[in-house]
Amino acid sequence: AQKITQTQPGMFVQEKEAVTLDCTYDTSDQSYGLFWYKQPSSGEMIFLIYQGSYDEQNATEGRYSLNFQKARKSANLVISASQLGDSAMYFCAMREGRLTDKLIFGTGTRLQVFP
Amino acid sequence: DVKVTQSSRYLVKRTGEKVFLECVQDMDHENMFWYRQDPGLGLRLIYFSYDVKMKEKGDIPEGYSVSREKKERFSLILESASTNQTSMYLCASSEGGYFYEQYFGPGTRLTVT
């Protein structure tokens, strides 16, 4: 069965430093999509970045990049130059195959950025 | 901008009450979803709908039902609220298709006493 694992319940990073949030996945599908979402304390989920299983290059969106290692089934989020506003919960999610729009979410990582 | 709104941010209900959580999206999205979020468990899918009057069960549908009479509106119904349904409820919508992200509402924090 498809599964997303986030092993870091909490992470701390100093402002302006880079941080990597881990995500591993398990699927038997050849075609899948991986997403990262940010959830600030306000509660709303904010889409950050997407990686398709057939994408040859790692996805990047501004300060966010996705370190996609298909053989290891990992899709780590890298945040460069952390800002205080990056403090939030971060969720990794996977879309199951091509025939559904359902997402499976990991349990999340709480990131705290300190000055 | 895509906007997904939920009828309440905070809701307190009594055990046994019938509870309606409303979600409206303004981008003509085909798909709508209801999730439940609990600490340490991430988001779990309750129900989703890919068209008006169409619905499919997610991973934890027990104790819930849904209604989608219009494309923009997706309602989650707790037929008889119980204390174990105290949680954060998130609604989302997306265009049909493989590559599209889901857009989320602000969430409703429901407390059942």
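See the structure above.
Residues numbered from 1 in each chain as written. Chains lettered and ligands numbered in written order. Predicted model: local features only at pLDDT ≥ 70, side-chain atom pairs only at ≥ 80, totals over all residues. Heavy atoms only, no water.

K.L.:
Quick one: what's the story with the overall build of chain B, residue by residue and with numbers?
P.N.:
When its secondary structure is counted, chain B shows zero helices and eleven strands. The secondary structure elements of chain B, listed N-terminal to C-terminal, are β-β-β-β-β-β-β-β-β-β-β. Projected onto its principal axes, the C-alpha coordinates of chain B cover approximately 40 × 30 × 25 Å. Looking at chain B as a whole, 50% of its 113 residues qualify as buried. Look at the contacts in chain B between residues 6 or more apart in sequence, and 55% of them connect residues 24 or more apart. (Helix = DSSP H or I, 4+ residues; strand = E, 2+ residues; numbered from the N terminus. Buried < 20%, exposed > 50% of the residue type's maximum accessible area, 1.4 Å probe, protein only. Contact = heavy atoms within 4.5 Å.)

K.L.:
Please provide a residue-by-residue account of the side chain of B:Asn31, values included.
P.N.:
All names here are of chain B. For asparagine 31, the position within the fold is in strand β4 (residues 31–38). You can call asparagine 31 buried: its relative accessible area is 4%. Of note is the side chain of asparagine 31, whose polar atom sits 3.3 Å from the backbone oxygen of glutamate 95. (Polar contact = N/O pair within 3.5 Å; in protein donor to acceptor, adjacent residues only side chain to side chain.)

K.L.:
Go over the pairing of strand β11 (residues 108–112) of chain B with me, naming the residues and quoting the values.
P.N.:
All names here are of chain B. Side chains Thr108, Leu110 and Val112 of β11 all project onto a buried face; the interleaved residues Arg109 and Thr111 project onto a face where none is buried. Here four bridges tie strand β2 (residues 10–13) to β11, and the two strands are oriented parallel to one another. Bridged to valine 12 within β11 is threonine 111. By the bridge criterion, three bridges tie strand β9 (residues 87–94) to β11 in an arrangement that is antiparallel. What sits directly across from serine 87, in β11, is leucine 110. (Pairing = 2+ DSSP bridges.)

K.L.:
Break down the interface of chain A and chain B for me, with residues and values.
P.N.:
The interface of chain A with chain B comprises 22 residues on the first partner and 24 residues on the second. Counting the surface lost from both chain A and chain B, the interface buries some 1,900 Å², and carbon and sulfur atoms represent 53% of this. The largest share of the area that chain A buries against chain B comes from A:Asp101, A:Lys102 and A:Phe105, three residues that together contribute 28% of it. The tally of links between chain A and chain B comes to zero salt bridges. Along the contact surface separating chain A from chain B lie three residue pairs in polar contact (both at pLDDT 80 or more). Secondary-structure elements contributing two or more residues to the side of chain A that touches chain B are β5 (33–39), β6 (46–52), β10 (88–95) and β11 (103–105) of chain A. Take the side of chain A that touches chain B: its biggest share by element is four residues, from β5(A). Of the residues contributing to the side of chain A that touches chain B, the split by class is nine nonpolar, eight polar and five charged. (Buried area = accessible area lost by both parts, 1.4 Å probe. Salt bridge = Lys/Arg side-chain N within 4 Å of Asp/Glu carboxyl O. Nonpolar A, V, L, I, M, F, W, Y, C, P; charged D, E, K, R; others polar.)

K.L.:
Got a sec to walk through the nonpolar core? Specific residues and values, please.
P.N.:
Formed by 25 residues in total, the largest nonpolar core has its most connected members in A:Tyr25, A:Leu34, A:Trp36, A:Ile49, A:Leu77 and A:Tyr90. Contributions of two or more residues to this core are made by β3 (19–21), β5, β6, β8 (64–69), β9 (74–79), β10 and β12 (109–114) of chain A. Looking at this core, the element that brings in the most residues is β10(A), giving four residues. Counting residues in hydrophobic clusters, the runner-up holds 20 residues, among them B:Leu21, B:Ile60, B:Phe74 and B:Tyr89. (Core = buried A, V, L, I, M, F, W, Y, C linked by side-chain atoms within 4.5 Å.)

K.L.:
Break down the state of the cysteines for me, citing the residues and quoting the values.
P.N.:
Residue and element names in this part refer to chain A. Per the counting criterion, the structure on display carries two disulfides over all chains. Disulfide pairing is shown between cysteine 23 and cysteine 92; the S-S distance is 2.0 Å. Looking down the S-S bond of the cysteine 23 and cysteine 92 bridge, the torsion is -65°, so its handedness is left-handed. Note that cysteine 23 is positioned in the loop between β3 and β4 (24–26) and cysteine 92 in strand β10, a separation of 69 residues in sequence. With a relative accessible area of 0%, cysteine 92 lands in the buried category. (Disulfide = S-S within 2.5 Å.)

K.L.:
I'd like to hear about the packing of aromatic side chains, residue by residue, with values.
P.N.:
Two aromatic rings are characterised by how far apart their centres lie and by the angle between their planes. Within the structure shown, the criterion is met by 14 aromatic pairs over all chains. Through pairs of rings, three or more aromatic residues link up here, namely A:Phe35, A:Tyr37, A:Phe47, A:Tyr50, A:Phe105, B:Phe33, B:Tyr35, B:Phe48 and B:Phe104. Over the face of the ring belonging to A:Tyr64 we find A:Arg63, whose NZ or CZ atom lies 5.7 Å from the ring centre. (Phe/Tyr/Trp six-rings, centres within 6.5 Å; stacked < 30°, edge-to-face > 60°. Lys NZ or Arg CZ within 6 Å of the ring centre and 35° of its normal.)

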